[in-house]
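What follows is the residue order along each chain.
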Amino acid sequence: MTRPILTLLRRWLPALGLFAALGGCAPIEPWVKPYERERLADPVMKLSRTSLGDKHFEHVVTVREAGRGATGVQGGGCGCN
Amino acid sequence: METHVNPGSATPARWRRRLATLLGGLGSVGGGLAALLLPATEAQAVDLPEDTAESMLHVYSGGGTRASGPALLVRKRVMDGLALSGNWYVDIVSNASIDVVTQASAYKETRHEYTLAADAAVRDTLIHVSTTHSTEPDYLAGSASLDLSQEVFGGMTTVSFGATRGNDTVKKKGSADFLDHAQHWQYRLGATQILSPRWLMSANLEAIADDGYLASPYRSARVFGAAVPERDPRTRSSRALKFRVLGDISREGDERTSVHADWRIFRDNWKISANTVELGLSRHLGDKALADVFVRWYGQTHALFYSDNASVETLYVSRNRQLADFHSLTLGGQVQYTLHKAPGQYELQLHGTLDLMQFKYADFTDIRTGLPYKNTASIVQVALTASF
């Protein structure tokens, strides 16, 4: 009777220990402080120059390629019929 | 003295209250997500997208098709934490593509697309709702979207999720009896992570499901060399996962320069498998100009029921080259030039874009030559934008 319990404990004890250890951790501190993000805010780090241009390119490829989605640009309509 | 309630003034106030309640509820959902992810993280206020006005002329030309037109977008903050935007987009299409010239006759038509959207910043959540309506003589499409994004881990990570529901009405010119419909569902999930003071990465997942008429009422398939109406399944589901890495590679004192690399993997239940790879570079050219260049490669396998010329009768059959085995290569460049800048007030910019595309099909034969079909195309965009 005790054997299954021991097996269960042996299997899950390390996981429980890991959860307990993580629970005791302090919140993750941002390792890049806001004052260190100046380069990230530069226009060269912005891939979209105009939302209309992105929308147009996305429409062009969506009506020609079967692959779709996960681009972050929302299209609409068909224009391919 | 009697007092009268003025319905004209009470109604907007009521709507504002309802809107505030709705946005507050959505904000709570986002807030709950943040609490779930990191209970001890301090909430951060997010900024609305900046007020902007964009106008653009666009031209796509290639493979016998020319689509051009104007597009306009205006976004304005109307009250604290709420911005509204409107977008009008026109495609004037002159089509003499290989499908059209080998199966029918060239045609011209115009597509108009309207989008209304609202962006709201509620606590540390950005909410975007929009509705789009697209009309052309034989195709009507409408959709509604909701997207939420939220910064967590002290602004190091931005998580986002969203959904779109679309309804299409499909008609056929010259055939008043033909009328069919299609519905679309899209679900998105994404995360952007700051890796270092110079590098970012993102991952986006999107699942799309379609139900209804997904073929073209004009296109023919070939079975034993004879043209038959194409028959596509009435359902389709797909998923795409895209990874992006973006970083600043410039040295201290040099013009700021960034590079990016994208990889998207796509699968669907029509057995299409596709990959997209993009590499790009952006660089300031002095104080007023900024240039972007990129190269994009896309490749896909054909759909299970695609055939250039079927030699067996099957339930579904298509010769839609969008479902064929092919790859495309795009080389693109853009220059942005600041015409005028009044710091703290407004900025006026001119944008010029030229993309060159090449498509090569492995199993779509140009029946005029008997050779595998290929074509080149160009995209030109000229845009004037003002941010204020």
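That block above? That's the structure.
Note that the coordinates shown come from a computational prediction; the quantities given were computed from them, not determined experimentally. (Residues numbered from 1 in each chain as written. Chains lettered and ligands numbered in written order. Predicted model: local features only at pLDDT ≥ 70, side-chain atom pairs only at ≥ 80, totals over all residues.)

Asks: Even after reading the chapter, I still don't get the overall build of chain A, so can you show me in this structure?
Replies: In terms of helices and strands, chain A carries two helices and zero strands. Relative to its full complement of 81 residues, chain A shows a buried share of 36%. (Helix = DSSP H or I, 4+ residues; strand = E, 2+ residues; numbered from the N terminus. Buried ≥ 20, exposed ≤ 12 C-beta atoms within 10 Å, placed from the backbone.)

Asks: Would you mind showing me how to read the interface of chain B and chain A here?
Replies: For interface size, the figure often reported is the accessible area lost on association. Facing 71 residues of chain B, the contacting portion of chain A comprises 38 residues. With six residues, strand S12 (residues 235-248) of chain B is the single largest residue contributor to the side of chain B that touches chain A. Residues that form the side of chain B that touches chain A fall into these classes: 29 nonpolar, 29 polar and 13 charged. (Contact = placed C-beta atoms within 7 Å. Nonpolar A, V, L, I, M, F, W, Y, C, P; charged D, E, K, R; others polar.)

Asks: Help me understand the nonpolar core, please; the structure alone is not making it clear to me.
Replies: Nonpolar side chains in soluble globular proteins generally cluster together in the buried interior. Within the largest apolar cluster, 27 residues are counted, with the highest numbers of intra-cluster contacts made by Ile272, Ala303, Leu323, Ala324 and Tyr361 of chain B. Among the secondary structure elements, those contributing two or more residues to this core are helix H2 (51-62) of chain A together with strand S17 (346-366) and strand S18 (371-387) of chain B. A total of four residues in this core trace back to one element, the largest contributor, which is S17 of chain B. In contact with tyrosine 361 of chain B, not counting residues within four places along its chain, are Arg321, Ala324, Phe326, Pro372, Tyr373 and Lys374 of chain B. (Core = buried A, V, L, I, M, F, W, Y, C linked by C-beta atoms within 7 Å.)

Asks: Before we go on, may I ask you to explain the pairing of strand S5 (residues 125-136) of chain B in this structure?
Replies: Each regular strand shows side chains that alternate between the opposite faces of the sheet. Residues and elements named next belong to chain B. Pairing between strand S4 (residues 107-122) and S5: 11 bridges, direction antiparallel. Looking across to S5, one finds that alanine 120 is bridged to isoleucine 127. Here S4 hands over to S5 after two residues, with arginine 123 in that stretch at a positive phi of 55°. Pairing of S5 with strand S6 (residues 139-152), which is carried by 12 bridges, proceeds in the antiparallel orientation. (Pairing = 2+ DSSP bridges.)

In short, the description is geometric, and any link to function would need to be established separately.
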